[in-house]
Amino acid sequence: MNPYRNDFPILSTKTNGNDLVYFDNAATTQKPVSVIEAINKYYQEQNANPYRGLYGLSVESTNAYEEARQTVADFIGAKSSKEIIFTGNATGSLNLIANTYGRMALKEGDQVVAAISEHHSNILPWQQVTKEKGAVLSYLYLNASGHITEEEIEQKITGNTKIVAVAQVSNVLGTINPVESIIKKAHEVGAVVVLDCAQSIPHYQVNVQELDADFIVFSGHKMLGPMGIGVLYGKENLLNEMPPFLTGGEMIEYVSEQEATFAPLPNKFEAGTPNVGGAVGLKAAINYIQKVGYDNIKKIEDELTDYALTKMKEVPHITIYGETDITKERCGVISFNVDDVHPHDTASILDADGIAIRAGHHCAQPLMHYMKVAATCRASFYFYNTKEEIDIFINSLKKVRRWLGYGD
């Protein structure tokens, strides 16, 4: 029996009369009791507007918020908590970077390079800013197994490249991208790298100094934390050069009728009342992940993914996209389709058995077009899942075509 399941109350619930089998972890993870309790405790005992009050409760709220920031800084190996900006999510972080650093750094003829497998949130902001600046958005394409090759990196990242935007892990294929090689090549040509870690940081350690990443972004809700809290890490010198993105309360130093000066990092990028409860929940999630341990998380997920891939290959009429060898660079995300069945129908049939998977384009339509499919099903695992759940999933998959009148 998985020793962590009792920490997640929702995993003991039923859906459509069946025990819940939750395989949509790439979209959002479930929350352990410790995270839920930390958020509740904050709102029950510490809730106040931080920074702005001179009374004790406001000081407690401020301390809770800044302690969460320091926890994040330590967690990713940042040099200073000033390099940690709290946002609403990874999408908000990427938009902040594109609309501040991107607008500041790009000019006509410059190039932004992204992977074709990127989530829309790491494509659309760059589409907008390159159009505005007359720059070019180019793509790193994948080989047959879903990987970015060294040859592609060498060819696409050139002297014209100013920004490279890439995810560590594909949210569709689970492929682990060669970000070390990408960062090295980008820095050789003087480009800055924006790393989307939303799909990687729930599963393995990210150290910004070891990677020498210029910016990284991630969301709390994909790593056991609450929705509505995200992180932007940036090297301090880059953040200091960038103009504010949102303006208003708390991000100012002094305001006159016609002019304003802005607060130092990190407050310059955190206008308005912050999501202190979300930051507290994120801190609790980090503590829980560290308690479980990344080595343990990887071991469990690799076993689950290998088991699922092996079983799925035995089911007729299943197409699996991307890398199918667990020994290669991949995480616990499997995109697949059932022959002659629309992904939405597959997901609905599995839902009747209590199984939650994703179906659609997964906010990655350029990748779908590149793979010549309109949509896929996606099963994604986390360390609280079990082989028994995968068996339920496989048995339900075997029934999909029969449900729709096919003989096999």
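The structure under discussion appears in the preceding block.
Residues numbered from 1 in each chain as written. Predicted model: local features only at pLDDT ≥ 70, side-chain atom pairs only at ≥ 80, totals over all residues. Heavy atoms only, no water.

Enquirer: So what about the sheet that holds strand E4 (residues 84–87)? Which residues, and what values?
Expert: Sheet architecture is open: 7 strands sit in the order E4-E10-E9-E8-E7-E5-E6, paired in mixed fashion. Looking along the sheet, the strands with just one partner apiece sit at the ends: E4 and strand E6 (136–140). Along the sheet, successive strands turn relative to each other by an average axial angle of 20 degrees, direction set aside. When strand E5 (residues 111–115) meets E6, the two strands line up parallel, connected through 5 bridges. The partner of Gln111 across the bridge, within E6, is Val136. Each of E4, strand E9 (215–219) and strand E10 (230–234) touches helix H2 (residues 56–76); the most contacted strand, E4, lies at about 120 degrees to it. (Pairing = 2+ DSSP bridges. Helix = DSSP H or I, 4+ residues; strand = E, 2+ residues; numbered from the N terminus. Axes fitted to C-alpha atoms, helices over the stretch in contact; angles between N-to-C directions. Contact = heavy atoms within 4.5 Å.)

Enquirer: Explain the sheet that holds strand E14 (residues 333–338) residue by residue, including any values.
Expert: The strand order across the open sheet formed by 4 strands is E13-E14-E17-E16, and the pairing between neighbours is antiparallel. What marks the edges here is a single partner per strand, and that holds for strand E13 (318–321) and strand E16 (358–360). On average, adjacent strands in this sheet sit at an angle of 30 degrees to one another, irrespective of strand direction. In this fold helix H10 (residues 294–313) packs onto E13 and E14, with an angle of close to 15 degrees to the strand it touches most, E14. Lying over the sheet, helix H11 (residues 343–352) contacts E14, E16 and strand E17 (376–380), oriented at roughly 160 degrees with respect to E16.

Enquirer: I'd like a rundown of the nonpolar core, residues and numbers included.
Expert: Among the nonpolar cores identified, the biggest contains 126 residues, and Phe336 and Phe393 are the most heavily contacted of them. Examining the composition of this core, we find that 10 residues originate from one element, helix H9 (residues 276–292), more than from any other. (Core = buried A, V, L, I, M, F, W, Y, C linked by side-chain atoms within 4.5 Å. Buried < 20%, exposed > 50% of the residue type's maximum accessible area, 1.4 Å probe, protein only.)

Enquirer: Describe the packing of aromatic side chains, with residues and values.
Expert: Centre distance and the angle of the planes are the two values used to describe a pair of aromatic rings. Applying the stated rule across the entire model yields 17 aromatic pairs. Ring geometry for Phe383 versus Tyr384: centroids 5.7 Å apart, planes at 55 degrees, classification tilted. A relative accessible area of 0% means that Phe383 is categorised as buried. A relative accessible area of 0% means that Tyr384 is categorised as buried. (Phe/Tyr/Trp six-rings, centres within 6.5 Å; stacked < 30°, edge-to-face > 60°.)

Enquirer: Explain the side chain of His120 to me, using residue names and the numbers behind them.
Expert: The topology assignment puts His120 in the loop between E5 and helix H4 (124–133). With a relative accessible area of 16%, His120 lands in the buried category. A distance of 3.3 Å separates a polar atom in the side chain of His120 from the backbone nitrogen of Ala364. Look past the residues within four positions of His120 in its chain and what remains in contact with it is Pro125, His361, Cys363, Ala364, Gln365 and Pro366. (Polar contact = N/O pair within 3.5 Å; in protein donor to acceptor, adjacent residues only side chain to side chain.)

Just geometry here; none of it tells us what the structure is for.
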